[in-house]
Amino acid sequence: MEELDLLKKTWQKDSHYYEQVSENEIYKMLHKKSSSIVKWILIISIIEVLFWAVISVFFKVDENLKNLNAENLSVYFQVLNVVNYVVILWFIYNFYKNYIKISTTVSTNQLMHDILKTRKTVQYYVWYNLVMALMTIIAAFVMEFEFNPKMEIVKNKIANENNYQTLFVIVGIMLLSIIVFIGLVWLFYRLLYGILLRKLNSNYKELKKIDL
């Protein structure tokens, strides 16, 4: 009887040991996957910045402002451009910090915390870019309407209309264009970062099961 009790105790100890080994292996796998995902978020964000930097070289703002006789706005656009890059570089720096933290953490709770922090940082980054895209397209419409000499005919037509039909048509076109443009930008970021964030969230859920 004593031998049977001893065997049961040994089995229970071994069972617990194997459970711990299994959880440790799962943690290592999730740790590695999470680190890889955050690394890709960092790489993609850097590639994205370089892509838009190249586009901005070909899209000459000063020349377009000159064509619209709005050279006095050049300084404002330059300041806005600098501020925008500073903010984006700040986000990239935070992506890098999150990657280092996730890569070096050894605690399940800390890894879960870092995953949530990374997801929030990416979400803030996406929202920032959506707001900037919205401001850009609105500014483009306002400048085109205000400074483009070709719009004088439209302005005179609006001024001479009592029912403001032309104005409503222009506003409608502008709103539709904004919705389509922002929708495309949102879809772009949804495809670019959405898949990675869903995988990161899946890892978080698995880690939560281990931590229970």
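See the structure above.
Source: prediction; values computed, not measured.

Undergrad: I'd like to hear about the overall build of the chain, residue by residue, with values.
TA: Across its full length, the chain holds 6 helices and 0 strands. When the elements of the chain are put in sequence order from the N terminus, they spell out α-α-α-α-α-α. Looking at the chain residue by residue over its 212 residues, the buried ones come to 30%. Here the contacts in the chain between residues at least 6 apart in sequence split such that 81% fall between residues at least 24 apart. If you sum the accessible surface of the chain, you get close to 15,000 Å²; carbon and sulfur atoms cover 67% of it.

Undergrad: Residues and numbers for the nonpolar core, please.
TA: Core analysis: the largest hydrophobic core is formed by 35 residues, its most contacted members being I41, I115, V122, Y125, Y193 and L207. Elements represented by at least two residues in this core include exactly α1 (2-58), α3 (74-104), α4 (108-147) and α6 (165-211). Dropping the residues within four chain positions of it, Y193 is found in contact with I41, I44, S45, E48, V122, Y125 and V126.

Undergrad: Describe the pattern of salt bridges, and please don't skip the residues or the numbers.
TA: Per the stated rule, a full pass over the model turns up 1 salt bridge. K155 is paired through a salt bridge with E152; the nearest N and O atoms lie 3.6 Å apart. A residue pair is termed a helical-turn pair when its members lie 3 or 4 positions apart in one helix, as K155 and E152 do in helix α5 (residues 152-159) at 3 residues.

Undergrad: Pulling in residues and values, what's your account of the packing of aromatic side chains?
TA: Tallied over the full model, the rule gives 9 aromatic pairs. With centroids separated by 5.2 Å and ring planes inclined at 70°, the aromatic side chains of W90 and F91 adopt a geometry described as edge-to-face. Under the relative-accessibility criterion, F91 is labelled buried at 6%. When the ring of Y189 is compared with that of Y193, the centres are 6.0 Å apart and the planes differ by 10°; the resulting orientation is stacked. On the criterion of helical spacing, the pair formed by Y189 and Y193 is a turn pair, its members being 4 residues apart in helix α6. For Y189, a relative accessible area of 5% puts it in the buried group.

Undergrad: Break down the environment of L116 for me, with residues and values.
TA: Looking at the secondary structure, you find L116 in helix α4. On the accessibility criterion, L116 (32% relative accessible area) is partly exposed. Each C-alpha atom of the pair L116 and L200 lies 8.7 Å from the other, and the pair is 84 residues apart in sequence.

What counts, and where the lines are drawn
- Residues numbered from 1 in each chain as written.
- Predicted model: local features only at pLDDT ≥ 70, side-chain atom pairs only at ≥ 80, totals over all residues.
- Heavy atoms only, no water.
- Helix = DSSP H or I, 4+ residues; strand = E, 2+ residues; numbered from the N terminus.
- Buried < 20%, exposed > 50% of the residue type's maximum accessible area, 1.4 Å probe, protein only.
- Contact = heavy atoms within 4.5 Å.
- Areas by Shrake-Rupley, 256 points an atom, 1.4 Å probe, with all protein chains shown as cover.
- Core = buried A, V, L, I, M, F, W, Y, C linked by side-chain atoms within 4.5 Å.
- Salt bridge = Lys/Arg side-chain N within 4 Å of Asp/Glu carboxyl O.
- Phe/Tyr/Trp six-rings, centres within 6.5 Å; stacked < 30°, edge-to-face > 60°.

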